[in-house]
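# Coordinate inspection notes
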Amino acid sequence: MDTSLDEKGLQTVFKQSVSDSGSRDDAALARLGKKPVLKRSFGFLTILGFSCTVLITWEGSLTGGPSGVLYGFLVVWVGTLSVFATLSELVSMAPTSGGQYHWVSMLAPASSRKFLGYLTGWLTITGWQALIASGAFVSGTMIQGLILLTHPGYAAVMKNWHGTLLLWAVVLFSYAINTAVGSLLAKFEGLVLVLHILGFFAVILPLLLLSPHGSAKEVFDTWVNAGLWQTQGLSFSVGIIGNVFAFLGGDCAIHMSEEIRNAAVVVPRSLMTGLAINGTLGFAMMIATLYSLGNIDQALAENPQYPFMSVFHHAVGSVAGAAVMSAIVVVMSFSATTGCLASASRIYWAFARDRGLPGWRLLKKVSPRTSIPQNAVLVTVVVSIVLSFINIGNTVAFNGVISISIAGLFGSYLIAVALLLFRRVTGAIQDRHDDDTLTNTIGGSLTWGPWRLRGAFGIVNNAFSCAYLVYIFIFSFWPPARDVTPQNFNWAVLGFGTVVTFSVVYYVAWARKTYTGPIVEVDD
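## Some remarks on the overall build of the chain
- Of regular secondary structure, the chain possesses 20 helices and two strands.
- In the chain, the proportion of contacts linking residues at least 24 apart, taken out of those at least 6 apart, comes to 81%.
- When the accessible surface of the chain is summed, it comes to about 20,200 Å², and 67% of that surface belongs to carbon and sulfur atoms.

Written as structure tokens, this is what we have:
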């Protein structure tokens, strides 16, 4: 089956023709009004590797502290499972690289779908762009921490701009992997999945077998209110954001949907399987690390940015051994940045394809050699490098970028999930059908995909997802301490507000004239 589409101005006409050579994936994409231009290089295992290695939960759990972190991890894991189950339903309905903004456009009332879809697109791009900068920052400064572990004298000369240069190196190397060969990324992620699993055992076994262990009370019943908040519950809620960051980016496979075979089924399975694997490994690693924590004040004094490296050192009694264990975490952090760059560039490309960004004509181009949107990848890299200059001036201000990534992504999830709940309870979504009519896009009917949660359970899960997303979105803007100073202020609220303001102004001044939501594309 081959579906051809003609476009005249902003008016679209959907026409069908039949061809024995058309693939099932391409026909499914055409029903959403999109023509296939990206090469489908990912199967289930490779996209599972992609999801697992971007969602570096066991590696990310090492950057937390004691106390309520353990229970915060469980809360975030359960909340993320609920959100990902809802996102899986949405991607099964419409597996496109646009993700959230496409879903909002298809679910929102006609009177508001254009603006809500546009705003959601900007929130998604903001979140992913901030996540790349944050991930590259973590990878670069982890390298600094590794240098500090092996050469303690480096502490006397360590500068912020060192970390910035290392951030650039991480981003540029990720760019090379993303643009060299079309199929290289899929092979790279499949290989890294193996390292992700083996690396877990290479780190946790020395902690379990060689390190002195604390008591169960120290791990499960030690609470700290370092921010001097009015209640322990409020302190817990402020501190939970660190756990959220460890789970961030797990929806990366969604934005690679147009490069995945049988995406309507494979993407939901990879999301849920990846989250189950990473949550289990992350929880185990957190318990092992907390039991092996030792003197946290000493660890912070030796390695202020990444005290887990000092914990490794005292656990195994060897600088070389701790360096190898830490290097595994650094490599996995780099691989996560590589995957984030791929996902973010596909969002840029998809939103440009629907004319939602400045310079959309350039950003929507795809390389005929590699079938990769190389201009979109390059812009993602350039913006990350520009954001890195904040770190040279003020590391605290740059830490706000992490909160921006949470606020942007969770804001986009919330709009899409709330609209799905609304359409679900009003009975607006029909059972799936396999004819050739336009569906799950503007001008088409709403139909369920092959993956869904049925009945009352689906409604309850959607409602819980909304509540969890509101909770995390609110606390993503909170400062770490009750007494706010310029040094500990959460600058995410300023950055987030600036992006939203710019997107609204650009929409009013220009984008409303060109952006009409997901367009039905030309296919002459």
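Next comes the rest of the write-up.
## Here's the deal with the packing of helix 17 (residues 374-393) against helix 18 (residues 395-425)
- Contact geometry for helix 17 and helix 18: axes closest at 6 Å, N-to-C directions at 140°. For the pair helix 17 and helix 18, contact is made by Leu387, Ser388, Ile390, Asn391 and Gly393 and by Thr395, Ala397 and Phe398, respectively.
- For the contact of helix 17 with helix 18, the per-class residue count stands at four nonpolar, four polar and no charged.

## Some details on the side chain of histidine 255
- Examined against the element boundaries, histidine 255 turns out to sit in the loop between helix 11 (241-247) and helix 12 (263-291).
- Exposure remark for histidine 255: the relative accessible area of 0% places this residue in the buried category.
- There is a polar contact of 3.0 Å between the side chain of histidine 255 and the backbone oxygen of serine 97.
- Reaching out from histidine 255, the side chain makes a polar contact with the side chain of tryptophan 128 at a distance of 3.5 Å.
- With residues up to four places along the chain from it excluded, the contact list for histidine 255 reads Ser97, Gly98, Gly99, Gln100, Thr124, Trp128, Ser343, Arg346 and Ile347.

## Regarding helix 6 (residues 113-150)
- For helix 6, spanning 38 residues, the distance from its first C-alpha to its last is 55 Å, which sits close to the expected 56 Å at 1.5 Å a residue.
- Counting buried residues in helix 6 gives 31 out of 38 residues, a clear majority hidden from the surface.

## Side note on a nonpolar patch on the surface
- A cluster of nonpolar residues, Trp161, Leu165, Leu378, Val382, Val386, Phe389 and Ile392, forms a patch on the protein surface that exposes about 640 Å² of accessible area.
- Going through the elements one at a time, helix 7 (160-179) and helix 17 are the ones with two or more residues in the nonpolar patch.
- Broken down by element, the nonpolar patch gets its largest block of residues, five residues, from helix 17.
- Mapped onto the elements of the fold, leucine 378 is located in helix 17.

The rules behind these values
Every chain begins its residue count from 1, and numbering advances along the sequence as written. It should be noted that, the model being predicted, local features are given only for residues of pLDDT at least 70 and side-chain atom pairs only at 80 or more, the latter also being counted only at that level, while totals for whole chains, interfaces and linings use all residues. Hydrogens and water are ignored here; the side-chain numbers use all heavy atoms of the structure. Helix and strand definitions here come from DSSP, where helices need a minimum of 4 consecutive H or I residues and strands a minimum of 2 consecutive E residues; each element is numbered from the N-terminal end. By definition in these notes, contact holds between two residues if any of their heavy atoms fall within 4.5 Å. With residues, only the protein chains shown are counted as cover, and all accessible areas are computed by Shrake-Rupley using a 1.4 Å probe. The axes are straight lines fitted to the C-alpha atoms, using for helices just the contacting stretch, and the angles between their N-to-C directions are given from 0 to 180°. Gly is put with the polar residues, along with every residue not named as nonpolar or charged; the nonpolar set is Ala, Val, Leu, Ile, Met, Phe, Trp, Tyr, Cys and Pro, and the charged set is Asp, Glu, Lys and Arg. Whether a residue is buried, partly exposed or exposed follows from its accessible area with a 1.4 Å probe, protein chains only, as a fraction of its type maximum: under 20%, in between, or over 50%, in that order. N or O atoms within 3.5 Å of each other form a polar contact, as long as, within protein, one can give a hydrogen and the other can take it, and as long as residues adjacent in sequence are counted only when both atoms are side-chain atoms. By this rule the span expected of a helix is its residue count minus one, scaled by 1.5 Å. Note that patches include only residues with greater than 30% relative accessible area and no salt bridge, and the join distances are 9 Å for like charges and 5 Å for nonpolar side chains (Val, Leu, Ile, Met, Phe, Trp, Tyr). Definition used for salt bridges: Asp or Glu carboxyl oxygen within 4 Å of a side-chain nitrogen of Lys or Arg.

None of the figures reported here should be taken as evidence of function without further support.
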